[in-house]
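Chain by chain, the residues:
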Amino acid sequence: MLRRFRPLAIALGLSAALTAGTALSQAPDLIIARGNEPVSIDPQFARTGNNQMTSIHIFERLAGVDDNMRATRQLAVSWKALSPTLWEVKLRPNVTFHDGSPFTAEDVVFSLRRPPTIPNSPASFADSVAGIDKMEIIDPLTLRITSKSPDPLFVNEIGRVFIVSKKAAESASNDQFNSGAAAIGTGPYKFVNWVPGAQLNLVRNPNYWGSKPEFERVQFRFISNAAARVAALKAGDVQMIDLVPPSMLEELKADPNVAVSEASSLRLIYMALDSARDVSPFVTDADGKPMTKNPLKDQRVRLALSKLIDRPRLVERVLTNAGTPAGQMIPEGVFGYDPALTPVAYDPEGAKKLLTEAGWPKGFGLTLHGSNDRFAQDSAVTQTIGQLFARGGIKVNGVQTLPYSVFAKAATAGEYSAFLFSYGSTTGEASAGLDSVMHTYDKERGFGGNNRTRYSNPNFDLLLEQGMAEFDDDKREILLQHAAKIAFGDVGIIPLYWQKVAWATRKGLTYQGRRDEQTVAMNVRRQ
């Protein structure tokens, strides 16, 4: 059934393939089944994972990341601060776009100005370039960029914006990217054709400046159903799959024709609690009646709820060990990680004492909310936490899980009291997550953009802001660690676990898993 996609892709994508100069009569050297697909080939249209893992094959950025998500040089070979707000960026020489035109500073300036102009973007890169005050081209390979305020991670942030060809993209529509006409990058692969809902075909860029990918022709097939992806792999219809469901991991590991690769991702799964409002919409007394007092405002209550969660057992039983219990925003190996911030231990008796001290010896009522299609076992995790709370004396009035598109909108609007959410770090250090999820919400200054519960701790804010403005790496890391101790000691959120992600390949191939959860052909190797 999966092979039926190919003739349709050839028919619909013929003109784009001819533009790329590729013979579609040749079969792919590597077929990867992905659980999601892009919404656009325009690399700046959305910064969501499904889009970015497509874009990194065709386009590049000023800064890349290593296995621990720390910044590396890509199209920029160096950057240095000439003053706290003035940066000099040197670009990589002898780089060409897929159409043969040279890569220059003009393409970078155009690309960094473009994100706010893209219509209908569901997840804009505009925030990444919001700190730019002005840009000056010194020569074709040198830029000077002024930031609006001192920021040691300024180039790391703007460096995550994909660079497009000014010549190809200046007046291009989204449809022109999707057809391939404007899909002109500097990346290791060139666009051939895309059939939404079916497949994306790429061909190796023979003039790529970096290491040549092992496979010449790559095809991504989009199979959203996990069981169908596994079946396609086992049947040999595809050579690799991503988003391996935890329930099928052991089965695939036991298959002699399959190799499994796992990675601890930087995505933290956490419980968010409404600690800001005096009255919370889904908090009741122990009899289920509405209250005019919100117990979640009390740190002792929040800590009690954290102590009621058995993280190791949750990971083992619900996730089939596809997770690592968490006590902070980012895992070991990432900048800002503090080994002293360990996961809160399961302690029902300690939780009961805290609830009694806080004036809730008989508990109170709470409804939990979560998504049911955002990450592995999200609905089951929410249900399990509800059961653990109930065992600990909390009256769980209900557990409701919804499609992410519906749930996230309501959570952002402040409609819930306690809900399961996640945050995946994209900057390779702790400050972005601490800022986005836990800093006091401040739209004007750009803080707390994903602080959906409006948690606020001025002492934490102060240390975090000092850390974010510190140029000395050692000092900045210490400040971030101290800030995290305050926020997690105050239980601003309840960290649960960092999820593990898994890929599976046919025998003879290996895949180097990535902590950013992305599926890329360049990480596939023949044994």
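Scroll up to find the structure this text is about.
Everything quoted here is computed from the prediction, not taken from an experiment.

Engineer: Help me get a handle on the nonpolar core, residues and values and all.
Structural biologist: Membership of the largest hydrophobic core comes to 60 residues, with the highest contact counts inside it found for L112 and I145. Per-element accounting of this core gives the leading share, five residues, to helix α4 (residues 105-113). Sequence-distant contacts of L112, that is, excluding residues within four places in its chain, are made with V129, I132, M135, I145, I158 and V161. Membership of the second largest hydrophobic core comes to 51 residues, among which are V258, A304, L319 and V491.

Engineer: Please give an account of the packing of aromatic side chains that cites residues and values.
Structural biologist: Counting across every chain of the model gives 13 aromatic pairs. For the pair F125 and F162, a centre-to-centre distance of 6.3 Å together with 85° between the ring planes defines the contact as edge-to-face. Placement of F125 in the loop between α4 and α5 (126-129) and of F162 in strand β9 (residues 162-163) is noted, with a sequence separation of 37 residues between them. Residue classification places F162 among the buried residues on the basis of a relative accessible area of 0%. The structure contains a cluster of three or more aromatic residues connected by ring pairs, namely F282, F407, Y416, F419 and F421. Above the face of the Y441 ring, R454 is positioned so that its terminal group lies 3.7 Å from the ring centre.

Engineer: Quick one: what's the story with helix α9 (residues 226-235), residue by residue and with numbers?
Structural biologist: Here α9 has its buried residues at R229, V230, A232 and L233. Buried positions in α9, seen along its axis, are confined to an arc of 160° and lie on one side of it. Among the structural elements, β1 (30-34), β13 (240-241), α10 (249-253), β14 (258-273) and β20 (494-506) are those in contact with the buried residues of α9. Residue N225 occupies the N-cap position of α9, its side-chain oxygen lying 3.1 Å from the main-chain nitrogen of A227.

Engineer: Describe the sheet that holds strand β8 (residues 142-147), with residues and values.
Structural biologist: Sheet strands associate in pairs through backbone hydrogen bonding, adopting either a parallel or an antiparallel arrangement. Pairing is antiparallel across the open sheet formed by four strands, whose spatial order is β5-β6-β8-β7. With one partner strand each, in any of the chains shown, β5 (76-83) and β7 (132-139) form the two edges of the open sheet. With direction set aside, neighbouring strand axes in the sheet form an average angle of 20°. As defined by bridge partners, β5 adjoins strand β6 (residues 86-91) across six bridges and the pair is classed as antiparallel. In the strand pairing of β6, A81 is matched with W87.

Each value, and the rule that gives it
- Residues numbered from 1 in each chain as written.
- Predicted model: local features only at pLDDT ≥ 70, side-chain atom pairs only at ≥ 80, totals over all residues.
- Heavy atoms only, no water.
- Core = buried A, V, L, I, M, F, W, Y, C linked by side-chain atoms within 4.5 Å.
- Buried < 20%, exposed > 50% of the residue type's maximum accessible area, 1.4 Å probe, protein only.
- Helix = DSSP H or I, 4+ residues; strand = E, 2+ residues; numbered from the N terminus.
- Contact = heavy atoms within 4.5 Å.
- Phe/Tyr/Trp six-rings, centres within 6.5 Å; stacked < 30°, edge-to-face > 60°.
- Lys NZ or Arg CZ within 6 Å of the ring centre and 35° of its normal.
- Arc of directions from axis to C-beta.
- Polar contact = N/O pair within 3.5 Å; in protein donor to acceptor, adjacent residues only side chain to side chain.
- Pairing = 2+ DSSP bridges.
- Axes fitted to C-alpha atoms, helices over the stretch in contact; angles between N-to-C directions.

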